[in-house]
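As a plain string of letters, each chain reads:
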Amino acid sequence: DQTESATVVPRGLIQVETGYLFTRDGGVGGYEVPGTLFRIGLGGWTELRIGHAGRVGGEGGRGAGDSDLGAKVNLIGLADGWRPELGILGGLSLPTGGDGFSSDGVDPSFLVSFAHKLSPRLSLGYNVGAAWESSGAQPDRDAFIVYSLVLGVGLTDRLGTFLELFGDRQTTGTTATSMSVDGGLTFLLTDTVQLDVYVGGGLRGPTDDVFVGTGLSFRLPR
């Protein structure tokens, strides 16, 4: 989903999250494959995050997307009830993509992540933060307030589902507000391997009409 968890990967472990995303907007399709994130446990309630958008395709052709470098710090651990788990994420988007598929700028972002364990099978997570995006055609970055809210339900010990609302509001230039909704299923294949599928679409503003995707996550060493 779009909501980042407040939890960090334990020290000495690497979690790999990779997948395929297809989007359609105004009759024009696009894709990213394999969008990949490496989460590396550093200890001290901290993880290093290294990501890449993978191969990006659309009406204008296809090419490599940008990369991301960041970190997450867990400030408050998860507890039962309404006291939230709390994490802070900071990162930079790096212009490593091909011509026409890169922002052409080093763009910062940050998120504050909250999570609640409402019951043994019910969880609630939400994020709020800000992001800046460059465009090769413009001298200044666009600034956005970003948010998300997700409800997760454990159907069995290995099968889960989620429903999520997310969006952003541009605060520079021509202000615009976007909102989307998605939902999906997660399948815990083993204790360290998980498969997910999801589908969603835009509710308002400049968003994709529809998007679908699938992902595979695993931890090393197994």
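Everything here concerns the structure above.
From a predicted model like this one, the values you see are computed outputs, not experimental measurements.

*Asks:* Lay out the overall build of the chain with the relevant residues and their values.
*Replies:* For the chain, the helix and strand inventory stands at zero helices and 14 strands. A globule of 222 residues ought to have a C-alpha radius of gyration of about 17 Å, and the chain, at 17 Å, matches this closely. Structurally, the chain occupies a C-alpha span of about 50 × 35 × 35 Å along its principal axes. Burial analysis of the chain (222 residues in total) assigns 35% to the buried set. A sequence separation of at least 24 residues applies to 47% of the contacts in the chain between residues at least 6 apart. Looking at the chain as shown, the accessible area adds up to about 11,900 Å², and 61% of this sits on carbon and sulfur atoms. Computed over 16 positive and 25 negative side-chain charges, the separation of the two mean positions in the chain equals 8 Å.

*Asks:* Residues and numbers for the pairing of strand β4 (residues 55-58), please.
*Replies:* Inspection of the sheet shows strand β2 (residues 28-43) paired to β4 by three bridges, in the antiparallel sense. What sits directly across from Glu32, in β4, is Val56. The sheet contact formed by β4 and strand β5 (residues 61-64) spans four bridges and is antiparallel. Looking at β5, one finds that Val56 is bridged to Gly63. Between β4 and β5, which pair antiparallel and follow one another directly, the connecting turn spans two residues.

*Asks:* Tell me what's going on with the side chain of Gln15, and back it up with residues and numbers.
*Replies:* Along the chain, Gln15 falls in strand β1 (residues 14-25). Side chain to side chain, Gln15 and Glu17 meet in a polar contact 2.8 Å long. A distance of 2.6 Å separates a polar atom in the side chain of Gln15 from a polar atom in the side chain of Arg219. The residues touching Gln15, leaving out its near neighbours within four places in the chain, are Val9, Leu37, Phe38, Arg39, Phe218 and Arg219.

*Asks:* So what's going on with the pattern of salt bridges? Which residues, and what values?
*Replies:* Taken as a whole, this structure holds eight salt bridges when the rule is applied. In this structure, the salt-bridge partner of Glu17 is Arg39, at a minimum N-O distance of 2.9 Å. Here Arg39 lies in strand β2 and Glu17 lies in strand β1, a separation of 22 residues in the sequence. Among the residues examined, Glu17 registers a relative accessible area of 24% and is labelled partly exposed. As a salt-bridge pair, Arg141 and Asp107 come within 3.0 Å of each other at their nearest N and O atoms. Taken together, the residues span a long stretch of sequence, with Arg141 in the loop between β9 (122-133) and β10 (142-154) and Asp107 in strand β8 (residues 107-119) at a distance of 34 residues. Arg141 gets classed as partly exposed once you look at its relative accessible area, which sits at 40%.

Parameters and conventions
- Residues numbered from 1 in each chain as written.
- Predicted model: local features only at pLDDT ≥ 70, side-chain atom pairs only at ≥ 80, totals over all residues.
- Heavy atoms only, no water.
- Helix = DSSP H or I, 4+ residues; strand = E, 2+ residues; numbered from the N terminus.
- Rg over C-alpha atoms; globule rule 2.2 N^0.38 Å.
- Buried < 20%, exposed > 50% of the residue type's maximum accessible area, 1.4 Å probe, protein only.
- Contact = heavy atoms within 4.5 Å.
- Areas by Shrake-Rupley, 256 points an atom, 1.4 Å probe, with all protein chains shown as cover.
- Lys, Arg positive; Asp, Glu negative; His and termini not counted.
- Charge placed at Lys NZ, Arg CZ, Asp CG, Glu CD.
- Pairing = 2+ DSSP bridges.
- Polar contact = N/O pair within 3.5 Å; in protein donor to acceptor, adjacent residues only side chain to side chain.
- Salt bridge = Lys/Arg side-chain N within 4 Å of Asp/Glu carboxyl O.

Nothing here speaks to function; it is geometry throughout.
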